[in-house]
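Spelled out from the first residue to the last, the chains are:
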Protein chains: 2
Amino acid sequence: MSSAPGDEGALGAYLDEVRGLIGEELHRIIPADHAFTGGLYALVRDYPARAAKTLRPALAIATCRALGGAVDAVLPTAAALELYHNAFLIHDDVEDDSELRRGRPTLHREHGVPIAVNVGDAMLALSLGPLLENTATVGLGPALRLLQRVARMSRLTAEGQATELAWIRQRRWDLRPADYRRMVHGKTSIYSFSTPIEVGALLAGAGPSVRGRLALFAARLGLAFQIQDDLLNLRGAVVATGKEAAGDLWEGKRTLILLTGLPRLAPAAQARALELLDRPRPEKTEGEVAWLRDQLEAVGALDAAAAEAQAWAAAARRSLDRLGLPDSVHKSFLSGLVRYVVDRAR
Amino acid sequence: MSSAPGDEGALGAYLDEVRGLIGEELHRIIPADHAFTGGLYALVRDYPARAAKTLRPALAIATCRALGGAVDAVLPTAAALELYHNAFLIHDDVEDDSELRRGRPTLHREHGVPIAVNVGDAMLALSLGPLLENTATVGLGPALRLLQRVARMSRLTAEGQATELAWIRQRRWDLRPADYRRMVHGKTSIYSFSTPIEVGALLAGAGPSVRGRLALFAARLGLAFQIQDDLLNLRGAVVATGKEAAGDLWEGKRTLILLTGLPRLAPAAQARALELLDRPRPEKTEGEVAWLRDQLEAVGALDAAAAEAQAWAAAARRSLDRLGLPDSVHKSFLSGLVRYVVDRAR
């Protein structure tokens, strides 16, 4: 897993190029405001204009091109996925009452819940536009298959969200790491990895066997990504992640770190931790959250999660290697991404 | 505009039949819950299972059948519109922080904002299912046109919501009745009347000229409906509407009644009314809201709105007559609906 010098620079350059392309595409897709849009489209542009990673469009584009597909074929769909992602973030921030997104206050903290919910809805509606335009460019059959994938993605993502919200609301802690992995598969992998990669493969005309191996790659990469995300939430600097410190503990999220760490705590500390986690956000103090974070670090739960993220990344790397893709800057992006996902600081 | 005896019964019977058909169709479309859906689909079924009018599917079905189309062709799309409608209601209730929906607490008041937002998102995702299945039953071309109509409807509805939310947030009262009508066109007419009717016409294979006349019918009917809705909000009994009394005044909504009535108030009363309307909901009292309602009644704003609703209904009736549809139970439903919209008690 050694990375050649300049790898990270190449990854960054690839993402920068994608960000430019997606920015232009979104500019085309998002209408201009007028007297009867209530400033809606300025807010639709807000989250995408913040320093986004544009990871999902990059995955769709790189997969498509690594398999010999054209960028023009995949760009509208990639932009639709980015719009969907930002809609999801806005609603997710409302649902978790998060404070910061990409280093600035979340949309609902700046403009209120009503406007934020509606902006998310507008983005979901707009994301259908490029998918419907596909019919003219990639043909009716493929366009419909893409719509089906996106509809399935939206449904499974809502199921994943519901699972997580129900766990929090029902104060469920009788969960094992396997429950976490299953929830992440629905909530993160499907929409952030599996669907972008499958969409790229479909638009390159890849057959079922290649798509099957890519699905395995995507699921493993998704797990590595989410576990690393949970780690960064507890270990990362706010300035780098653009999110509040230890937000997951404030929100009481059932992360792998907690499900691994809680059983390792002494009974008194465990009871105190559970009582703290189940309290509503405003009734927690910074000192208590820092205490819990330190406890989890002390019992090795963060190190264990880091090791598991590395293991999933290694497994993803093997799935990718087995595809035997010809060398290209796009293949390099995909393998560079596997390293990035577990080495990143944001 | 005299209505033959039994007309209302016929309308009710038609709606009952539609409700039964849509109930079966939704049962087919909405998945069963399992361990990793967090009880999501039980909540997806909640609003549709409350005593819904199923007005939108009835419009789609009646239009399609009045033009000679088949019920099987239109039923999945009609169910998709009903799902979309209920998703919209859930998010709208969050945005307005409404208390009651169809006689019971709103979803977010019962289960919290996070779960309600996610249930709405799941319903939006599910509504794509039947629209995509259309490809197999009505053909690729028509199925895509229907998807385009629904995508446009979602976008325009979000614009209408944004307009209304911006007016409230920016404390705008420099609005004329024409502004209200334009906002209603985007917010209510498009999704409750124009799209269901156009979808029904498309599925019956109607040409552009018939569809154009139906669009006029739908826009007029939508205005009559919304103005009557605003009236019922102030005059209707809670037990009949299933919504809280004078909710629009609590929420500070810019209704035709207010835009007509406020300029008619004496300066002191006008100032007091504006100050009251702009206050957040928890800072208003029942006595103050009742006072404003009485003021609006006293200056004839409610009577003026009632007269305008009747005028739009009459205009809708003329548009419908000009279509020269052959007599059928479906045509009777459409003309009965015109009367119902302005004569209803809920």
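As a reminder, the structure under discussion sits directly above these lines.
Presented here is a report on the structure given in the accompanying data block. (Residues numbered from 1 in each chain as written. Chains lettered and ligands numbered in written order. Predicted model: local features only at pLDDT ≥ 70, side-chain atom pairs only at ≥ 80, totals over all residues. Heavy atoms only, no water.)

For chain A, the helix and strand inventory stands at 17 helices and two strands. Expected size for 346 residues packed as a compact globule is a radius of gyration near 20 Å; at 20 Å, chain A falls within 12% of this value. Along the three orthogonal principal directions, the C-alpha set of chain A runs to about 65 × 55 × 35 Å. Pairs at least 24 residues apart make up 76% of the contacts formed inside chain A by residues separated by at least 6 positions. Here chain A holds 42 positive side-chain charges and 41 negative ones, and the gap between their average locations is 5 Å. (Helix = DSSP H or I, 4+ residues; strand = E, 2+ residues; numbered from the N terminus. Rg over C-alpha atoms; globule rule 2.2 N^0.38 Å. Contact = heavy atoms within 4.5 Å. Lys, Arg positive; Asp, Glu negative; His and termini not counted. Charge placed at Lys NZ, Arg CZ, Asp CG, Glu CD.)

What follows concerns the interface of chain A and chain B. You'll often see interface size given as the accessible area lost when the parts meet. At the junction of the two partners, chain A supplies 45 residues and chain B supplies 45 residues. Taken as a group, A:F36, A:L132 and A:L144 account for 17% of the area that chain A buries against chain B, more than any other trio of residues on that side. Viewed at the interface, chain B and chain A are joined by zero salt bridges. For the side of chain A that touches chain B, the secondary structure elements donating two or more residues are α2 (40-44), α5 (71-96), α6 (107-111), α7 (113-138), α8 (140-169) and α9 (177-203) of chain A. (Buried area = accessible area lost by both parts, 1.4 Å probe. Salt bridge = Lys/Arg side-chain N within 4 Å of Asp/Glu carboxyl O.)

What follows covers the relation of the copies chain A and chain B. Comparison of the two chain copies shows a relationship of rotation about an axis with a shift along it. Superposition record for chain A on chain B: RMSD 0.0 Å, screw rotation 180°, translation along axis 0.0 Å. The operation mapping one copy onto its partner corresponds to a two-fold rotation axis. When you check the interface residues of chain A against chain B, 100% turn up at the interface there too, and the contact is symmetric in its surfaces. (Least-squares fit on C-alpha atoms with pLDDT ≥ 70 in both.)

What follows is about unusual backbone geometry. Excluding glycine, most residues fall at negative phi; most peptide bonds, likewise, are trans. Residues and elements named next belong to chain A. For R102, which is not a glycine, the phi torsion comes out positive at approximately 50°. Here R102 shows up in the loop between β1 (100-101) and β2 (104-105). At R171, a position not held by glycine, the phi torsion is positive, near 50°. Residue position: R171 is located in the loop between α8 and α9.

Our next topic: the packing of aromatic side chains. Residue and element names in this part refer to chain B. With the rule as written, the count across this model stands at ten aromatic pairs over all chains. Plain terms: the ring middles of Y84 and Y191 are 5.6 Å apart, the flat faces sit at 75° to each other, and that makes the pair edge-to-face. A residue pair is termed long-range when its members are at least 10 positions apart, and Y84 in helix α5 (residues 71-96) and Y191 in helix α9 (residues 177-203) qualify at 107 residues. Y191 matches Y84 in its accessibility class, with the two residues each being buried. Summarising the aromatic geometry, the rings of F88 and Y191 are spaced 4.6 Å apart at their centres and angled 50° between planes, so their arrangement reads as tilted. (Phe/Tyr/Trp six-rings, centres within 6.5 Å; stacked < 30°, edge-to-face > 60°. Buried < 20%, exposed > 50% of the residue type's maximum accessible area, 1.4 Å probe, protein only.)

Helix-helix packing: each pair is described by the crossing angle between the helix axes and the interaxial distance. Residue and element names in this part refer to chain B. Two elements in contact, α5 and helix α7 (residues 113-138), have axes separated by 8 Å at closest approach and are oriented at 165°. Relative to α7, α5 is oriented roughly antiparallel. Of the two possible hands of crossing, α5 and α7 adopt the one that is left-handed. Classifying every residue of the contact of α5 with α7 by side-chain character gives 18 nonpolar, six polar and one charged. (Axes fitted to C-alpha atoms, helices over the stretch in contact; angles between N-to-C directions. Parallel < 35°, antiparallel > 145°, perpendicular 65-115°, else oblique. Left-handed = near helix turned anticlockwise from the far one by under 90°. Nonpolar A, V, L, I, M, F, W, Y, C, P; charged D, E, K, R; others polar.)

Bringing the side chain of A:R293 into the picture now. Residues and elements named next belong to chain A. Mapped onto the secondary structure, R293 falls in helix α15 (residues 286-298). In terms of polar contacts, R293 uses its side chain to reach the side chain of D294, at 3.2 Å. Residues in contact with R293, not counting those within four places in the same chain, are L234, R235, L249 and L302. (Polar contact = N/O pair within 3.5 Å; in protein donor to acceptor, adjacent residues only side chain to side chain.)

So, about the packing of helix α8 (residues 140-169) of chain B against α9(B). All names here are of chain B. Running from N to C, α8 and α9 cross one another at 165°; their axes reach a closest spacing of 9 Å. Classified by the angle between their axes, α8 and α9 sit roughly antiparallel to one another. As α8 runs across α9, the sense of the crossing is left-handed. Together, R145, L146, R149, R152, M153, L156, T157, G160, Q161, T163, E164 and W167 of α8 and D179, Y180, M183, G186, K187, I190, Y191, T195, E198, V199, L202 and L203 of α9 make up the contact between the two elements. Tallied by class, residues from the contact of α8 with α9 come to eleven nonpolar, six polar and seven charged.

By the secondary structure assignment, A:T63 is in helix α4 (residues 55-66). Contact partners of A:T63, with chain neighbours within four places excluded, come to A:I197, A:G200, A:A201, A:L214 and A:L334.

Glancing now at the environment of A:E24. Residue and element names in this part refer to chain A. Here E24 shows up in helix α1 (residues 7-29). Relative accessible area serves as the criterion here: at 59%, E24 is assigned to the exposed category. As a C-alpha pair, E24 and G103 span 79 residues in sequence and 23 Å in three-dimensional space.

Here the focus is the pattern of salt bridges. Residue and element names in this part refer to chain B. In this structure the tally under the stated criterion is 62 salt bridges over all chains. A salt bridge links R28 to E133; its shortest N-O distance comes to 3.1 Å. Taken as a pair, R28 in helix α1 (residues 7-29) and E133 in helix α7 lie far apart in primary sequence, 105 residues in all. One salt bridge connects D294 with R293, and the closest N-O pair in it is separated by 3.2 Å.

Keep in mind these values describe shape, not function.
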